[in-house]
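# Structure assessment
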Amino acid sequence: MAEHTHVLFVEDDDVIREATQLALERDGFVVTAMPDGLLGLEAFRANRPDIALLDVMVPGLDGVSLCRRIRDESTVPVIMLSARADSIDVVLGLEAGADDYVTKPFDGAVLVARIRAVLRRFGHASGPGAAPAAGETGAPDGGVLHFGDLEIDTEGMEVRRAGAPVALTPTEMRLLLEFSSAPGTVLSRDKLLERVWDYGWGGDTRVVDVHVQRLRTKVGQDRIETVRGFGYKLKA
């Protein structure tokens, strides 16, 4: 998977940037490394990488703002890097459109594993239409599911609400497909981490919570119900 996969890495610490770039290149990734957010944005537009690794605290244009700019233009996967497991850093990055985050200091093998997990669920970042069904979702009626005014085309990977198209990132689409594969069934945060984020181990459930909130703003606040102490379910 790593062969020819282009990574944009934005990190202002010279030692971390150079060491991480070397580690990723040893694993077969092609890396464009930039020391600040403005140069990172230029590199993103010039190279259109397969995935972006953005440190939260970089000069010029901070990582959260850079993530928002990237998300305005692309659904390419984004992983935020933070020196702290601070709730504000994590939530701001995820709300800006990031798909995952890694706390520094990190082990190179762990970072590579997270990158590969993101790329797997994005179909190697080949665009929103390539997002695979999280639970191998199938549907009758040509692959179209209906939940009130919400219409989900599981084959065309398109969503409409009251007839209007809804733009989802691949992670949001996978999350919605997971819910739609079992409407009315409560899915725990750990189960969603396993199925949508490809975590074979316990992860930070804030990733799930923020993505659910982002999804609700697009498909309807009442469409996905919180079941306190258990998780979430899609209203049939």
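This text follows the structure it describes.
Report follows, based on the coordinates. Just so it is clear, the model here is predicted, and its values are computed rather than measured.

The next point concerns the overall build of the protein chain. Secondary structure summary: the protein chain contains nine helices and 11 strands in total. Of all 236 residues assigned to the protein chain, the portion counted as buried reaches 49%. Of all intrachain contacts in the protein chain linking residues separated by at least 6 positions in sequence, the fraction that spans at least 24 positions is 60%. As displayed, the protein chain has an accessible area near 10300 Å², and 51% of this comes from carbon and sulfur atoms.

Before going further, it helps to examine the sheet that holds strand β5 (residues 100-103). Across the sheet, which stays open at both edges, the five strands sit in the order β2-β1-β3-β4-β5 with parallel pairing between neighbours. The sheet is open, and its two borders are formed by β2 (30-34) and β5, each paired with just one other strand. Averaged over all pairs of adjacent strands, the angle between strand axes in this sheet comes to 20 degrees, irrespective of strand direction. By the bridge criterion, four bridges tie strand β1 (residues 6-10) to strand β3 (residues 51-55) in an arrangement that is parallel. The residue bridging Val-10 from the neighbouring strand is Leu-54, located in β3.

Membership of the largest hydrophobic core comes to 50 residues, with the highest contact counts inside it found for Leu-54, Met-80 and Phe-179. For this core, the leading source of residues is helix α9 (residues 206-219), giving six residues. Contacts of Met-80, omitting those with residues within four sequence positions, involve Leu-54, Val-56, Gly-63, Val-64, Cys-67, Gly-93, Ala-98, Asp-100, Tyr-101 and Val-102.

Time to look at the sheet that holds strand β7 (residues 150-153). Taken together, the four strands give an open sheet; going across it, the order is β6-β7-β8-β9, and neighbouring strands pair in antiparallel fashion. Each end of this open sheet is capped by a strand with a single partner; those strands are β6 (144-147) and β9 (164-166). Across the sheet, the mean angle from the axis of one strand to that of its neighbour is 25 degrees, orientation sign disregarded. In this structure, strand β8 (residues 158-161) lies alongside β9, joined through three bridges in antiparallel fashion. Considered in β9, the bridge of Val-159 is made with Val-166.

Turning to the packing of helix α2 (residues 37-47) against helix α3 (residues 63-73), a few remarks are in order. Axes are the key here: two packed helices are described by the angle between their axes and the distance separating the axes. Interaxial distance between α2 and α3 falls to 10 Å at its minimum, and their mutual angle equals 20 degrees. It follows from the interaxial angle that α2 and α3 lie roughly parallel. The two elements α2 and α3 meet at a crossing, and its hand is right-handed. Contacts between α2 and α3 involve Gly-37, Gly-40, Leu-41, Phe-44 and Arg-45 on the former and, on the latter, Leu-66, Arg-69, Ile-70 and Glu-73. In the contact of α2 with α3, the residues fall into four nonpolar, two polar and three charged.

So, about the environment of His-211. Among the secondary structure elements, His-211 is positioned in helix α9. It is 7.4 Å that separates the C-alpha atoms of His-211 and Leu-94, two residues lying 117 residues apart in sequence. Sequence-distant contacts of His-211, that is, excluding residues within four places in its chain, are made with Leu-94, Ala-98, Asp-99, Thr-171, Glu-172, Leu-175 and Trp-197.

Inspection of the entire model under this criterion finds one cavity of 30 Å³ or more. Space inside the largest cavity adds up to approximately 30 Å³. Contributing to the lining of the largest cavity are Val-56, Met-80, Leu-81, Ser-82, Asp-89, Val-90 and Tyr-101. Elements supplying a minimum of two residues to the lining of the largest cavity: β4 (78-82) and α4 (87-95). Per-element accounting of the lining of the largest cavity gives the leading share, three residues, to β4.

Moving on, we get to the pairing of β8. Sheet analysis places β7 next to β8, joined by four bridges and oriented antiparallel. Within the sheet, the bridge partner assigned to Asp-153 lies in β8 and is Glu-158. Where β7 folds back onto β8 in an antiparallel hairpin, the turn is made up of four residues, including Met-157, whose phi is positive at roughly 55 degrees.

Another point: the packing of helix α7 (residues 170-180) against helix α8 (residues 189-196). Put simply, α7 and α8 touch, their axes get as near as 10 Å, and they point 120 degrees apart. By the angle class used here, α7 and α8 are oblique. Seen along the crossing, α7 lies across α8 with a hand that is right-handed. From α7, Thr-171, Arg-174, Leu-175, Glu-178 and Phe-179 reach across to α8, where they touch Leu-192, Arg-195 and Val-196. Here the residues of the contact of α7 with α8 are counted per class, giving four nonpolar, one polar and three charged.

Rules of the game
- Residues numbered from 1 in each chain as written.
- Predicted model: local features only at pLDDT ≥ 70, side-chain atom pairs only at ≥ 80, totals over all residues.
- Heavy atoms only, no water.
- Helix = DSSP H or I, 4+ residues; strand = E, 2+ residues; numbered from the N terminus.
- Buried < 20%, exposed > 50% of the residue type's maximum accessible area, 1.4 Å probe, protein only.
- Contact = heavy atoms within 4.5 Å.
- Areas by Shrake-Rupley, 256 points an atom, 1.4 Å probe, with all protein chains shown as cover.
- Pairing = 2+ DSSP bridges.
- Axes fitted to C-alpha atoms, helices over the stretch in contact; angles between N-to-C directions.
- Core = buried A, V, L, I, M, F, W, Y, C linked by side-chain atoms within 4.5 Å.
- Parallel < 35°, antiparallel > 145°, perpendicular 65-115°, else oblique.
- Left-handed = near helix turned anticlockwise from the far one by under 90°.
- Nonpolar A, V, L, I, M, F, W, Y, C, P; charged D, E, K, R; others polar.
- 1 Å grid on protein atoms, 1.4 Å probe; cavity = no way out; pocket = protein on both sides within 12 Å on 5 of 7 lines; lining within 4 Å.
- Points joined across faces, edges and corners; volume = space filled by probe spheres on them.

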